[in-house]
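Each chain is listed here by its residues.
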Amino acid sequence: MPAQKKPFSRLPSTVVPVNYNLWLKPCLKNFVFEGKQQIDVKVNEATNNIVLNCLDIKIASATFTAEGKSAIASSDISFQIENEKVIIQFPKDLPTGNGVLDMNFTGELNNKMKGFYRSKYVSGNGEEKFAAVTQFEATDARRCFPCWDEPAMKATFDTTLVVPKDLVALSNMNVIDESVYSEDNTLKVMKYAQTPIMSTYLLAFVVGEFDFVEDQTSNGVKVRVYTPVGKSAQGKFALEVATKALPFYKEYFGIPYPLAKMDLIAIADFCAGAMENWGLVTYRETALLIDETSSSAHTRQWVALVVSHELAHQWFGNLVTMEWWTHLWLNEGFASFMEYLATDHCHPKFDIWTQFVTHDLVRAMDLDSLDNSHPIEIPVGHPDEVDEIFDAISYSKGASVIRMLHNWIGDESFRKGMNVYLNKHAYKNAFTEDLWAALGDASGKPVQQVMTTWTKQMGYPVLNVEVKERTDNSITLSLSQSKFRANSMSANTDDSASLWSIPVSFSTSSSPKEPVKNILFDSRTTEVKIDGVAKDAWVKVNPGTYGFYRVRYSSDLLNALLPAVRDRTLPARDRLGLQNDLFALASSGVAPTTDFLKALAAYENETDFTVWSDVDGKIGTLFSLLWNNDEAHGNFKKFTLKLMKRTADNMGWEAKDGEGHLESLLRSLVIRRMGECGCTNTITESTKRLSSHLDKSCCLHADLRAPVYGNVLSHGGKKDLETLLTLHKETDLHEERNRIERCLGSAKDPTLIKEVLDFAMSDRVRSNDRIFVIGSVATKHKVGRDLAWKYTKDNWDTLHDMYKGMFLISRLVKNTTENFGTEEMAKDVEDFFEKNPAMAAERTVQQSIEQIRQKSDWWKRDGEAICAWLKENTA
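Residues numbered from 1 in each chain as written. Predicted model: local features only at pLDDT ≥ 70, side-chain atom pairs only at ≥ 80, totals over all residues. Heavy atoms only, no water.

Asker: Describe the packing of helix H11 (residues 572-588) against helix H13 (residues 609-625), with residues and values.
Answerer: Axes are the key here: two packed helices are described by the angle between their axes and the distance separating the axes. For the pair H11 and H13, interaxial distance at closest approach is 8 Å and the crossing angle is 15 degrees. Our classification of the angle between H11 and H13 gives roughly parallel. The two elements H11 and H13 meet at a crossing, and its hand is left-handed. Here Ala572, Arg575, Leu576, Gln579, Asn580 and Phe583 of H11 come into contact with H13, specifically with Thr610, Val611, Asp614, Val615, Lys618, Thr621 and Leu622. (Axes fitted to C-alpha atoms, helices over the stretch in contact; angles between N-to-C directions. Helix = DSSP H or I, 4+ residues; strand = E, 2+ residues; numbered from the N terminus. Parallel < 35°, antiparallel > 145°, perpendicular 65-115°, else oblique. Left-handed = near helix turned anticlockwise from the far one by under 90°. Contact = heavy atoms within 4.5 Å.)

Asker: Let's hear about the side chain of Asp158: which residues, and what values?
Answerer: Relative to the helices and strands, Asp158 resides in strand E11 (residues 156-164). The side chain of Asp158 sits in the buried core without any salt bridge; Lys191 is the nearest counter-charge, 4.7 Å away. Among the polar contacts listed, one links the side chain of Asp158 to the side chain of Gln194, at a separation of 2.8 Å. In contact with Asp158, not counting residues within four places along its chain, are Asn19, Tyr20, Asn21, Leu22, Lys191 and Gln194. (Buried < 20%, exposed > 50% of the residue type's maximum accessible area, 1.4 Å probe, protein only. Lys, Arg positive; Asp, Glu negative; His and termini not counted. Salt bridge = Lys/Arg side-chain N within 4 Å of Asp/Glu carboxyl O. Polar contact = N/O pair within 3.5 Å; in protein donor to acceptor, adjacent residues only side chain to side chain.)

Asker: Can you tell me about the sheet that holds strand E23 (residues 461-470), naming the residues and giving the values?
Answerer: Strand order in the open sheet formed by four strands is E27-E24-E23-E29, with mixed pairing between adjacent strands. Taken across any chain shown, the strands that pair with only one partner, and hence form the sheet edges, are strand E27 (525-531) and strand E29 (550-553). Direction aside, the axes of adjacent strands within the sheet are offset by 30 degrees on average. Strand direction decides the pairing type here: E23 and strand E24 (residues 474-483), joined by nine bridges, are antiparallel. Among the inter-strand pairings, Pro461 is bridged to a residue of E24, identified as Lys483. Taken strand by strand, H11 contacts E23 and E29, and its axis lies near 80 degrees from that of E29. (Pairing = 2+ DSSP bridges.)

Asker: Before we move on, can you summarise the pattern of salt bridges with the specific residues and values?
Answerer: Scanning the model with the defined rule gives 55 salt bridges in all. The residue Arg284 makes a salt bridge to Asp769 at a minimum N-O spacing of 2.9 Å. Here Arg284, found in strand E20 (residues 280-284), pairs with Asp769, found in the loop between helix H20 (750-760) and helix H21 (770-780); they are 485 residues apart in sequence, far enough to count as distant. Each member of the pair, Arg284 as well as Asp769, is classed as buried. The partner of Glu676 in a salt bridge is Arg672, with the nearest N and O atoms 3.6 Å apart. Separated by four residues within a single helix, Glu676 and Arg672 lie in helix H15 (residues 661-676), roughly one turn from each other. Each of Asp56, Lys112, Asp140 and Arg143 takes part in a single network of salt bridges with overlapping partners.

Asker: Can you explain the packing of H21 against helix H22 (residues 782-794)? Please cite residues and give values.
Answerer: Across the interface, H21 lies against H22 with an axial gap of 5 Å and an inter-helix angle of 140 degrees. The angle between H21 and H22 falls in the class oblique. Together, Ile774, Val777 and Ala778 of H21 and Gly784, Arg785, Ala788 and Thr792 of H22 make up the contact between the two elements. Tallied by class, residues from the contact of H21 with H22 come to four nonpolar, two polar and one charged. (Nonpolar A, V, L, I, M, F, W, Y, C, P; charged D, E, K, R; others polar.)

Asker: Got a sec to walk through unusual backbone geometry? Specific residues and values, please.
Answerer: With glycine set apart, most residues show a phi of negative sign, and most peptide bonds adopt trans. For the bond from Glu137 to Ala138, the omega torsion is 5 degrees, close enough to zero to count as cis. By secondary structure assignment, the location of Ala138 is in the loop between strand E10 (128-135) and E11. One non-glycine residue, Asp56, lies in the positive phi region at around 60 degrees. Tracing the backbone through its elements, the reader meets Asp56 in the loop between strand E3 (47-53) and strand E4 (57-66). Positive phi, normally seen in glycine, also occurs at Glu84, with a value near 60 degrees. Following the sequence through the fold, Glu84 ends up in the loop between strand E6 (76-80) and strand E7 (85-94). For Glu84, a relative accessible area of 11% corresponds to the buried category.

Asker: If you had to explain the sheet that holds strand E16 (residues 211-216) to someone new, which residues and values would you point to?
Answerer: Pairing is mixed in the open sheet, where five strands are placed in the order E16-E17-E18-E20-E19. With one partner strand each, in any of the chains shown, E16 and strand E19 (274-275) form the two edges of the open sheet. Where strand E18 (residues 261-267) lies against E20, five bridges are found, and the strand directions are parallel. Note that in E20 the partner of Asp263 across the bridge is Leu280.

See below:
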């Protein structure tokens, strides 16, 4: 069972902050910092103590001065380490009204990638150096300075940094004064303009060596992208995205970006993908930097999405902030939706909304069908609980239900409601209900009534659709809704109370791209009559895959759709959604897996990258399921080769004239999968192209590197591993290092796998990337899966200490456990984490155990039939 919730209480509101005047002096030699602050506060009730958040900070002194009175020194300073609080006691009650809290303190520039921390990098001459960086979300501003570290405790900030003269020093606002430090003329004093009123988690500072590129938006906002020294050209793509996205959001929301500047900066050691600090957004290098010759189409797209996501937060999250972490999805779900709107605006050829279906909607559905999922809105308290909800539910399900809502009420009403919401709550905090009220008023639709069914309850429905009556020119469908579960065999909970208000649309073969009927389905069952549908026509439920639900068609309705998949008259998002639902129904035990395998034949003519990407994900899941049976695994490889052959032949190895972004992505996908399935020609060509790349006779295209590296190592030996490790050592592009790291798990020899795992923990791999190397080993094949889990258990104390309290620990748990599929391994994982609790990853542990048992039940139920079908159909 998950660990019991830790006791938690929010800070008292007897004393609240108004303004922080914060002075910090970091030392990048001894990794410490000095700090002092004068906090303007308001005392709401007479009290003899002030309670703030504080962690890993030593407070030397604290005094309070009431307006017009003399200073009172504290009588005691006591720390509640478990609760991450400090209580500053005074000898008498502080009077109500305004006052100033003065404090002097010191802290450590830690190596935990949170709070005020040090980030290691290598300079152009090979010297190891450090930058000082902040990461305060969710609850780590308290590691830098004592504060009211809760999102509703907003204040303004006046920041001063004392830093070496030769370093770049940035904060949220522009510099308003620079002078020599009176006590040491090798240091400079940088004073920044006062911030808008905002939450502590959005404050940021960066001190280090950086270059930058600069431009202005059409609205006159100065935008800079800061890069490692000598790599400013790699910031140009992100700069282009940012200078387009900021005016797009201004126009869309009807509210200007309120600051004078926007800085985006690449950080070497960074836990998350990026962080939306107001006016100073921090990024992993791979989420910001693009090298024109060595960056892949996938990375280019990723950078566009991440930059757009963080800039959306400048309105959603920064200007209007959730009142408490329970409403985190208001930040993350909306930014995850808006990033696609902005990317589609900047790069329409990416066809990014189709990719949304597999990137976000499918990802969220997979997680939300588990018994150990959680509602979008979930009460949280202790920081460990807060860290756990930065997951696919808050981000991807949040974005998916917003997309469904946007489609239901229309763009005009959506924009109007957004403008009202943002204006009404600007520089304040909001609840989910505030948003529903604004969108409901704008659209005239029952938004709160409908959307509450999606945010307050866990999971989502499956719609059972059958033909009740058919005439020459109409069809009447019977619909029923019930909760969908990842494992129908584990349905030991009464779901009779689960009911959703579902916007449902219908398309037909005569109108494949536009719905012919729209309803709001908010009862257990209903009937729908659609006119103008011929007897031989198909009907598709959920066209565009906007709805967050699955559809189970009767066999006659399904069979009518498959020819439209084969000839691609059914649009791409519908082809994607159809097979995705079929697979989910099969893996859960609602339908036979062989039905899904039969339906896959209709995808042999598929040309759309995103549809193939989702099909490929299902192939990968079946691969791991079939690790239980070598013969069936081999037969499934043959089946996959036949399924993909036409697409692989059409794509070839070389880009064709007029080819675009999506074709590059598809080529990379099919070459990787054909190689993994043992296609001799693909492996031979991969080896040949890597050889030409190594002798510099022909540079390997960036989009081909990952599949080529993986194919060569998968069918090679020690020499090939050494080749990749040499390439890793020689490159100074973080993206290329990551690309190689994620391929290393392709090695199949146990001795080489152990070498890869040891490499993961060496100084040659950044601490924030180690999990991806271990994950690569765990997810490529059975031998690697087993060795990665053993390695994780053997090194758990080191790994847990390195990543505790970060989302990376959840990623480690997920990657190293989810590909098992027996009750024996479910028990092994369960027993291990009972003895070795994974702080801030308890929910992920339970989800992984549930997924292992789901696969075990799936194999028991369908394994024999899958093996027989594959044998018969690949003979």
